[in-house]
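Chain by chain, the residues run as shown.
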Amino acid sequence: MSDAVALPGQPRGFVASGPATARAVNVLAPNPSAMTLDGTNTWLLSEPGSDLAVVIDPGPLDEAHLRAVVATAEQAGKRVALTLLTHGHPDHAAGAGRFAELTGTKVRALDPALRLGDEGLAAGDVIRTGGLELRVVPTPGHTSDSLCFHLPADRAVLTGDTILGRGTTVVAHPDGRLGDYLDSLRRLRSLTVDDGVHTVLPGHGPVLEDAQGAVEYYLAHRAHRLAQVETAVENGFTTPEAVVAQVYADVDRSLWPAAQWSVRAQLEYLQDHGLIPGGPE
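Residue numbers restart at each chain and count upward from 1, following the sequence in its written direction. Two thresholds apply to this predicted model, a pLDDT of at least 70 for residue-level local features and 80 or more for giving and counting side-chain atom pairs, whereas whole-chain, interface and lining totals are computed over all residues. Side-chain numbers here rest on the full set of heavy atoms in the structure, without hydrogens or water.

1. Focus: the sheet that holds strand 11 (residues 199–202)
Spatially, 7-8-9-10-11 is the arrangement adopted by the five strands of the open sheet, whose pairing is mixed. Where the open sheet ends on each side, the last strands, each with one partner, are strand 7 (126–129) and strand 11. With strand direction ignored, the average angle separating the axes of adjacent strands in the sheet is 25°. Both strand 10 (residues 156–160) and strand 11 contribute to a ladder of four bridges, which runs parallel. Paired with L158 across the bridge in strand 11 is L201. Any two residues whose heavy atoms approach within 4.5 Å are treated as being in contact. Working convention: axes come from line fits to C-alpha atoms, limited for helices to the stretch in contact. Angles between N-to-C directions cover 0 to 180 degrees. Where helices and strands are cited, they refer to DSSP runs of H or I of at least four residues and of E of at least two residues respectively, numbered from the N terminus. Strands in contact with helix 4 (residues 178–194) are strand 8 (132–138), strand 9 (147–151) and strand 10; relative to strand 8, the strand with the most contacts, it is inclined by about 145°. Here, any two strands with at least 2 DSSP bridges between them count as paired.

2. Here we look at the confidence of the model for the protein
For every residue, the predictor states its confidence as a pLDDT score lying anywhere from 0 to 100. For the protein, per-residue confidence averages 95 on the pLDDT scale, and residues scoring 70 or more make up 97% of the total. Here residues 1–5 is modelled with pLDDT under 50, and outside its nearest four sequence neighbours on either side it reaches five contacts, counting other chains as well.

3. Some details on the packing of helix 5 (residues 211–234) against helix 7 (residues 256–272)
Closest axis-to-axis distance for the helix 5/helix 7 pair is 10 Å, and the angle between their directions is 75°. It follows that helix 5 is roughly perpendicular to helix 7 by the angle criterion. Two secondary-structure elements touch here, helix 5 through R222, R225, L226, V229, E230 and V233 and helix 7 through S262, Q266, L267, Y269 and L270. Each residue gets one of three labels, nonpolar for Ala, Val, Leu, Ile, Met, Phe, Trp, Tyr, Cys and Pro, charged for Asp, Glu, Lys and Arg, and polar for the others, Gly among them. Grouping the constituent residues of the contact of helix 5 with helix 7 by class yields six nonpolar, two polar and three charged. For classification purposes, an angle smaller than 35 degrees is called roughly parallel, one larger than 145 roughly antiparallel, one from 65 to 115 roughly perpendicular, and anything else oblique.

4. Overview of the nonpolar core
The term nonpolar core refers to a set of buried residues drawn from Ala, Val, Leu, Ile, Met, Phe, Trp, Tyr and Cys, joined through side-chain atoms within 4.5 Å. The classification of residues rests on relative accessible area computed with a 1.4 Å probe and restricted to protein chains. Under 20% of the type maximum is buried, over 50% is exposed, and intermediate values are partly exposed. The biggest cluster of nonpolar side chains holds 37 residues, and the ones touching the most others in it are V157, I163, L178, L185, L188, V243 and Y248. Sorting the residues of this core by element identifies helix 4, helix 5, helix 6 (240–247) and helix 7 as the ones contributing at least two each. Of the residues forming this core, the biggest block, nine residues, is contributed by helix 5. For L178, the residues in contact, after removing those within four places along its chain, are V171, R222, L226, A265, Q266 and Y269. Formed by 20 residues, the second largest nonpolar core is a distinct cluster that contains W43, I127, L132 and L134.

5. Details of the pattern of salt bridges
The salt bridge criterion pairs a side-chain nitrogen of Lys or Arg with a carboxyl oxygen of Asp or Glu, the two atoms within 4 Å. Taken as a whole, this structure holds 17 salt bridges when the rule is applied. Of the charged contacts, one joins E133 and R135 as a salt bridge, the two residues approaching to 2.9 Å between their closest N and O atoms. Overall, the relative accessible area of 34% leaves R135 in the partly exposed class. Through salt bridges that share partners, E63, R67, R98 and E101 make up one connected network.

6. Some thoughts on the packing of helix 4 against helix 7
The N-to-C vectors of helix 4 and helix 7 enclose an angle of 95°; their axes lie 8 Å apart at closest approach. Viewed along their axes, helix 4 and helix 7 adopt a mutual orientation that is roughly perpendicular. Here helix 4 contributes L178, G179 and L182 to the contact with helix 7, which in turn contributes A265, Q266 and Y269.

7. Observations concerning the environment of L201
Along the chain, the position of L201 falls in strand 11. Its relative accessible area of 0% is what places L201 among the buried residues. Distance from L201 to L164, taken between C-alpha atoms, is 8.5 Å for residues 37 residues apart in sequence. Setting aside its immediate chain neighbours within four residues, L201 contacts A20, T21, A24, W43, A156, V157, L158, T159 and V207.

8. So, the packing of aromatic side chains
Side-chain rings of Phe, Tyr and Trp (the six-membered ring for Trp) are treated as a pair once their centres are within 6.5 Å; stacked means planes under 30 degrees apart, edge-to-face means over 60, and tilted covers the remaining angles. Taken as a whole, this structure holds one aromatic pair when the rule is applied. Measuring from centroid to centroid gives 6.3 Å for Y217 and Y218, while their planes differ by 70°, and the two rings are edge-to-face. Taking relative accessible area as the criterion, Y217 reaches 36% and is therefore assigned partly exposed. The exposure class of Y218 is buried, given its relative accessible area of 3%. Whether a charge sits over a ring depends on NZ of Lys or CZ of Arg being within 6 Å of the ring centre and within 35 degrees of the ring normal. Cation over ring: R225 sits above Y248, and NZ or CZ is 4.2 Å from the ring centre.

Right under this line is the structure:
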């Protein structure tokens, strides 16, 4: 089906640097790959009329990209006042230290090892900078330190790798756990139902216009994959490698090593719930 309106989450189409909402501008990093899609989306956020900005996920340690983020802010008459991280994977966070040097900002993250400064991030935190308000939403699962940021004024959520603009994400086992990830998706669904969030600003891929549709698709996809993995084990395919070959046969083989992370997380989840042998007694 080629009609973008019918795709999960209603993606806007191609990914490009530039404004995405009234308060969010994307600066696309030049690191495309099978895992990063078009590259990392570095988000520059600011309240209209304010001269202060917040950057989420500076991206890889790429000097030209980091300077492009600074230049984008300066061209809009803004100064970067704070840097935030959705999680610690290098394609999102490796450039944070250098970016802090360029901007003189602190870096706030859930993982203390990623912070520059005294302040971290925790569930329920509300960040206010230059009139901009962001709410921290804990979303472990892709990694244990994954966070999303709710931008109420734009009815948007910045999801890092928890929800992508195209395809689905990996549960990076053993740090990432499937049970946590499913809980995080349900938490995001509550944002769409209870808080009116309709736009997903992902860490990779295009902006999604139907946040609830995207979350529901992810939940259904995970349920389908779990059922497939359970069936594969029942049919005698018990190693992650064998399960991937059965369940992910329709996926590009270059992605199979990453798919093994998700399969290991799925096997652990099924074992923990007593659905296949090998769980806790």
